[in-house]
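# A look at the structure
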2 protein chains.
Amino acid sequence: MGSFCPKLCMLCSASFPPQTIQAMARKSCNNSEFNNTMKYEVSQRTKVNRNAHMENLRDHAYLFPEICAKETEHAKKYPHEKLIRLGIGDTTEPIPQVIGSAMAKYAQDLSTTEGYSGYGPEQGNQRLREAIAETIYKDMGIRGSEVFVSDGAQSDIARLQMLFGSNVTVAVQDPSFPAYVDTSVIMGQGGKFLEESGKHEKIVYMKCNSGNNNDFFPADLAAMPRTDIIFFCSPNNPTGHAASFPQLQQLVDFARHNGSIIVYDSAYAAYISDIQTVPTSIFQIPGAKQVAIEVSSFSKLAGFTGVRLGWTVVPEELLYSNGLPLIKDFNRIVTTCFNGASAIAQAGGLACLSSTGYQSLRSIIKHYMENAEILADTLTSLKLNVHGGKNAPYLWVHFPNSKSWDIFDHILSKAHILTVPGIGFGLGGEEYVRFSAFASREHVLEACARLRNCF
Amino acid sequence: MGSFCPKLCMLCSASFPPQTIQAMARKSCNNSEFNNTMKYEVSQRTKVNRNAHMENLRDHAYLFPEICAKETEHAKKYPHEKLIRLGIGDTTEPIPQVIGSAMAKYAQDLSTTEGYSGYGPEQGNQRLREAIAETIYKDMGIRGSEVFVSDGAQSDIARLQMLFGSNVTVAVQDPSFPAYVDTSVIMGQGGKFLEESGKHEKIVYMKCNSGNNNDFFPADLAAMPRTDIIFFCSPNNPTGHAASFPQLQQLVDFARHNGSIIVYDSAYAAYISDIQTVPTSIFQIPGAKQVAIEVSSFSKLAGFTGVRLGWTVVPEELLYSNGLPLIKDFNRIVTTCFNGASAIAQAGGLACLSSTGYQSLRSIIKHYMENAEILADTLTSLKLNVHGGKNAPYLWVHFPNSKSWDIFDHILSKAHILTVPGIGFGLGGEEYVRFSAFASREHVLEACARLRNCF
């Protein structure tokens, strides 16, 4: 009976051999009553107005898609040149066997009666929440119940913005990862983009440059206006700077003084080598639990950029002005707007935090940090002003009085190396270019050779 | 050097044997300067006001967590009774071997140089986008570029709400899946919850009951006030009703007349058996592309409730009042607020849409629909008023003049069967209880036996 319907391949009982299914699927619906779409003008507009906040987003494409476009253009222009990607910070090294196997086993077991399971808790597998609390936050007094497993930091930043709503005021580091500003604008916290200043009217930009020994920490916190939310990323993307214990103590004290909430992005914490002087979590700072949320990720820790797994810590001590714990609302957001991270990815996360898993991750991180050192040595030998690369997989290279897109284009066309122009991270990134250490050793060495001929 | 730091297990180079790492990890930080948290009062509030929209959420917990609480309570009270879960619609049957193996292989290959890959496009793997367009939307003229792969329908509903913003007006079916109303309230579209009416002041509720042969389709569309957005789920969760071609044509014509956008949830489309009379996609309806977005999922199609994979179709023809295509803004939301579904899950999605994969999924769907038939026959034989179960895996059973929580409690305590009380889906669900067909045959038969002694 259904044999006339184009959707039969999707909806018939399973009694047809594949080729029959395919054949039937190719037939078009002969139900004439519903076949004539032509009676409708195709360009009818709805009466739904565009969300005004979307109009405030900077009209150029999101940074990384824009770089991809440049890459495509370059490939057309130089079809025979081998491009080296030190741009978008995407991990390149295979996942350790023990972790890949854990995910493979979980996936395979989904095909067995004993191994199959469906919905997990939206907040994440309890064992993984505990494991994150016990390893990443060892001795910081973070409970598993305060850890929310996610599909990645970027998604959780958006969920936090839904939680905060449109009426909060926001501060970001300048330069900073674009998602903080863009999600603030989408929610209506950012206001118009002012071309003359290169800033959104309602966002407070904390200048993080290398002048006056500021070392990329906000120059004068005390002079900053109070905001409800402070987005802070350390080790920082893009500058590669990692804030010290005293610097983060300043930040926490500033937030406590103003009654602000710090959204602390620690996605690169595993790259910190100066562990005596640089905190790996905001929760190593006394008093942080009453003013901070920490967003983090397995992406750079474990090469999970494609696997998608992260977490957010919301301490029970963090209270709204009315005394209500923010964790209650975040839990509601997670259970309403999200349905949990992939159980396969979560099985991988557990393997990452096992002793063996973690050991193998350390050696991959070591590899990337050696890349950073090699790149830094080369760029420094070229008399370039190189920052970062010690506690983060990014080098932040200063080209005084140059436009960062010009430097990006120069390096792309002369050395066929993809970087990221600093301006893509905000006005404070102008004159800078970011080099990523996420690459094979072979590519890094080749890149260094090319850079020597480029500058 | 780092051997005093509690985070050493996370941050040292990989030169320590696991047991040493564990031992060191157990040590607490002896950096006294940052060890004394006691100097801070622990109950300090921030000055950040709670998002007023969150206050408008109904103060009881989200439906499903609430049912879980009842379940726990029941387990304590009846420790020796074996509970049968026909409540939360969670899939129970193992994933077909061919699909589990495809995901296992992808995960295992992530541990090889050839098989490793990182970030994918935020919109999803191009092959999967094409495969969804070509199989699910066969002959409906949907392009792969209009398909956005997601981690599930619930997440995409939240992302669509971020896109729409706070100023749109919204209509929902009553009863309906709670996420539509709750995300509307979180975004500020819903307004206060009025206890007396059991409704949010700014949401339009389309009554979908069984009176006057309405068959759970909105009684009188023409009499409904215009809204910007119309959330519509068919086959419907919870009523199990699947709208016919003429009914959906009415809905599309109504939206076109009002210039509204339909957000069509087709998560249960694969369960439609009356394929001659019931559309499996809103895009089978002429004129739908200018007024509809379709949100869908692999969860119920492929038992991916824990794997997390879905998609949303935004036709290029769908325009705002200013003529701008909505797809441009949705693309920006997806690239800013999301970072793609797990690549492992996407590999599984591709396997689902292969002929072999799809054939095996059909037989699992057949199993669930036979469960629905068995349950329907039993409940009908008990002179109960049973709806749904023909084109959806849910039975919607009417208990006139009863409170749905009372019926839920009665069935739980007498038959030790978990259902869902209709009121959890809105006022229109009062007097109803939802039975899910997602279960093993053994459990369904046992449940039927118990129900015979219960009514």
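What you see is a predicted model; the values in this text were computed from it and never measured. (Residues numbered from 1 in each chain as written. Chains lettered and ligands numbered in written order. Predicted model: local features only at pLDDT ≥ 70, side-chain atom pairs only at ≥ 80, totals over all residues. Heavy atoms only, no water.)

### What about the overall build of chain A?
- Looking only at helices and strands, chain A has 15 helices and 15 strands in total.
- Counting across all 455 residues of chain A, residues that qualify as buried make up 64%.
- Across chain A, every contact between residues at least 6 apart in sequence was considered, and the portion connecting residues at least 24 apart equals 72%. (Helix = DSSP H or I, 4+ residues; strand = E, 2+ residues; numbered from the N terminus. Buried < 20%, exposed > 50% of the residue type's maximum accessible area, 1.4 Å probe, protein only. Contact = heavy atoms within 4.5 Å.)

### What about the sheet that holds strand S9 (residues 292-297) of chain B?
Residue and element names in this part refer to chain B.
- Strands sit in the order S2-S10-S9-S8-S7-S3-S6 across an open sheet of 7 strands; the sheet is mixed. Each edge of the sheet is formed by a strand with only one pairing partner; in this case those strands are strand S2 (147-150) and strand S6 (203-207). When the angles between neighbouring strand axes are averaged without regard to direction, this sheet yields 20°.
- Sheet topology note: the strand S3 (residues 170-174)/S6 ladder contains 5 bridges and is parallel. If you follow Val-170 over to S6, its bridge partner there is Ile-203.
- In the packing of helix H8 (residues 178-187) onto the sheet, contacts are made with S3, S6, strand S7 (229-233) and strand S8 (261-265), and the angle to S6 comes to roughly 170°. (Pairing = 2+ DSSP bridges. Axes fitted to C-alpha atoms, helices over the stretch in contact; angles between N-to-C directions.)

### Points about the nonpolar core
- Counting 238 residues, the largest nonpolar core has Phe-298 of chain A together with Phe-298 of chain B as the members making the most contacts within it.
- The contacts of Phe-298 of chain A, once residues within four sequence positions are left out, are Leu-128, Ile-132, Gly-303, Phe-304, Leu-309, Gly-310, Trp-311, Gly-349, Cys-352 and Leu-353 of chain A. (Core = buried A, V, L, I, M, F, W, Y, C linked by side-chain atoms within 4.5 Å.)

### Re the sheet that holds strand S15 (residues 432-436) of chain B
All names here are of chain B.
- Taken together, the 4 strands give an open sheet; going across it, the order is S11-S12-S15-S14, and neighbouring strands pair in antiparallel fashion. Unpaired on one side and paired on the other, strand S11 (385-388) and strand S14 (420-421) mark the two borders of the sheet.
- As paired elements, S14 and S15 share 2 bridges and run antiparallel to each other. Bridged to Val-420 within S15 is Arg-434.
- Against the sheet, helix H14 (residues 404-415) touches S14 and S15, its axis set at about 45° to S15.

### Some words on the state of the cysteines
- Counted according to the given criterion, the structure contains 0 disulfides over all chains.
- Just so you know, Cys-208 of chain B is unpaired, no disulfide at all, and the nearest cysteine sulfur is the one on Cys-233 of chain B, 10 Å from it. (Disulfide = S-S within 2.5 Å.)

### What to know about the pattern of salt bridges
Residues and elements named next belong to chain A.
- All told, the structure shown has 28 salt bridges over all chains when counted by the stated rule.
- The salt bridge involving Asp-409 is made with Lys-70; its shortest N-O contact spans 3.2 Å. A residue pair is termed long-range when its members are at least 10 positions apart, and Asp-409 in helix H14 (residues 404-415) and Lys-70 in helix H4 (residues 63-77) qualify at 339 residues.
- On the accessibility criterion, Asp-409 (28% relative accessible area) is partly exposed. (Salt bridge = Lys/Arg side-chain N within 4 Å of Asp/Glu carboxyl O.)

### Focus on the packing of aromatic side chains
- Enumeration according to the criterion identifies 36 aromatic pairs over all chains in this entry.
- A ring pair is formed by Phe-298 of chain A and Trp-311 of chain A, whose centres lie 5.2 Å apart and whose planes are at 75°; its orientation type is edge-to-face. Of the two residues, Phe-298 of chain A sits in the loop between strand S9 (292-297) and helix H10 (299-302) while Trp-311 of chain A sits in strand S10 (residues 310-313), which places them 13 residues apart along the sequence.
- According to the relative accessible area criterion, Trp-311 of chain A is buried, its value standing at 2%.
- Here the aromatic rings of Tyr-268 of chain B and Tyr-394 of chain B are separated by 5.1 Å at their centres, their planes lie at 70°, and the arrangement is edge-to-face. (Phe/Tyr/Trp six-rings, centres within 6.5 Å; stacked < 30°, edge-to-face > 60°.)

### Overview of the pairing of S9 of chain B
Residues and elements named next belong to chain B.
- Where burial is concerned, most of S9 is hidden: 6 out of the 6 residues are buried.
- Of the two faces of S9, both are covered, the one formed by Ala-292, Glu-294 and Ser-296 as well as the one formed by Ile-293, Val-295 and Ser-297.
- Pairing of S8 with S9, which is carried by 4 bridges, proceeds in the parallel orientation. Residue pairing across strands places Ile-262 opposite Ala-292, the latter belonging to S9.
- Bridging between S9 and strand S10 (residues 310-313) involves 4 bridges; their strand directions are antiparallel. When the bridges of S10 are listed, Ser-296 appears paired with Trp-311.

### Describing the confidence of the model for chain A
- Overall, the predicted model of chain A reaches an average pLDDT of 90, with 89% of residues at or above 70.
- Throughout residues 1-38 of chain A the model reports pLDDT below 50, and contacts reaching past four residues in sequence, or to other chains, amount to 69 contacts. (pLDDT = per-residue confidence, 0-100.)

### A short note on helix H6 (residues 126-135) of chain A
- Leu-128, Arg-129, Ala-131, Ile-132, Ala-133 and Thr-135 of chain A are the residues of H6 of chain A that are buried.
- A side-chain oxygen of the first residue of H6 of chain A lies 2.6 Å from the backbone nitrogen of Arg-127 of chain A; this N-cap is Asn-125 of chain A. (Polar contact = N/O pair within 3.5 Å; in protein donor to acceptor, adjacent residues only side chain to side chain.)

### Considerations on the side chain of Arg-159 of chain A
- Inspection of the secondary structure assignment puts Arg-159 of chain A in helix H7 (residues 153-164).
- Sequence-distant contacts of Arg-159 of chain A, that is, excluding residues within four places in its chain, are made with Ser-150, Asp-151, Phe-330, Ile-333 and Phe-338 of chain A.

### Re the packing of helix H11 (residues 326-337) of chain A against helix H7 (residues 153-164) of chain B
- The contact between H11 of chain A and H7 of chain B brings their axes to 8 Å, and the two run at 110°. On the basis of their axis angle, the class for H11 of chain A and H7 of chain B is roughly perpendicular. For the pair formed by H11 of chain A and H7 of chain B, the contact residues are Thr-335, Thr-336 and Cys-337 of chain A on the first element and Gln-154, Ser-155 and Ala-158 of chain B on the second.
- Classifying every residue of the contact of H11 of chain A with H7 of chain B by side-chain character gives 2 nonpolar, 4 polar and no charged. (Parallel < 35°, antiparallel > 145°, perpendicular 65-115°, else oblique. Nonpolar A, V, L, I, M, F, W, Y, C, P; charged D, E, K, R; others polar.)

### Topic: helix H12 (residues 343-352) of chain A
- Of all 10 residues that make up H12 of chain A, 10 are buried, and the element is covered over most of its length.
- Along H12 of chain A, the positions that sit buried rather than exposed are Ala-343, Ile-344, Ala-345, Gln-346, Ala-347, Gly-348, Gly-349, Leu-350, Ala-351 and Cys-352 of chain A.

### So, the side chain of Ser-342 of chain A
- Within the fold, Ser-342 of chain A resides in the loop between H11 and H12.
- Looking at Ser-342 of chain A, the relative accessible area reads 6%, which means it is buried.
- If near-sequence neighbours (up to four positions away) are discounted, Ser-342 of chain A is found in contact with Gly-306, Val-307, Arg-308 and Ser-342 of chain B.

### Things to note about unusual backbone geometry
- Pro-175 of chain A follows Asp-174 of chain A through a cis peptide bond whose omega is 10°.
- Mapped onto the elements of the fold, Pro-175 of chain A is located in the loop between strand S3 (170-174) and helix H8 (178-187).
- Looking along the chain, the bond that leaves Ser-234 of chain B and enters Pro-235 of chain B is cis, with omega of -10°.
- Even without a glycine there, the phi angle at Phe-216 of chain A is positive, about 65°.

### Focus: the environment of Lys-300 of chain A
- Locating Lys-300 of chain A in the fold gives a position in helix H10.
- Taking the C-alpha atoms as reference points, Lys-300 of chain A and Asn-167 of chain A, separated by 133 residues in sequence, lie 32 Å from one another.
- The residues contacting Lys-300 of chain A, other than those within four sequence positions of it, are Gly-89, Thr-91, Ala-267, Tyr-268, Tyr-271, Thr-305, Tyr-394 and Phe-438 of chain A together with Tyr-119 of chain B.
- Looking at Lys-300 of chain A, its side chain comes within polar contact range of the side chain of Tyr-268 of chain A, at 2.9 Å.

### Digging into the environment of Ser-273 of chain B
- Among the secondary structure elements, Ser-273 of chain B is positioned in the loop between S8 and S9.
- Classification of Ser-273 of chain B as partly exposed rests on a relative accessible area of 38%.

### So, the pairing of S10 of chain A
Residue and element names in this part refer to chain A.
- Covered by surrounding structure in S10 are Gly-310 and Thr-312 together with Trp-311 and Val-313, the residues of both alternating faces.
- With 4 bridges connecting them, strand S2 (residues 147-150) and S10 associate as antiparallel partners. Considered in S10, the bridge of Val-147 is made with Val-313.

### A short note on the environment of Glu-442 of chain A
- Here Glu-442 of chain A shows up in helix H15 (residues 441-454).
- Once the C-alpha coordinates of Glu-442 of chain A and Asn-371 of chain A are considered, the two residues, 71 residues apart in sequence, prove to be 9.8 Å apart.

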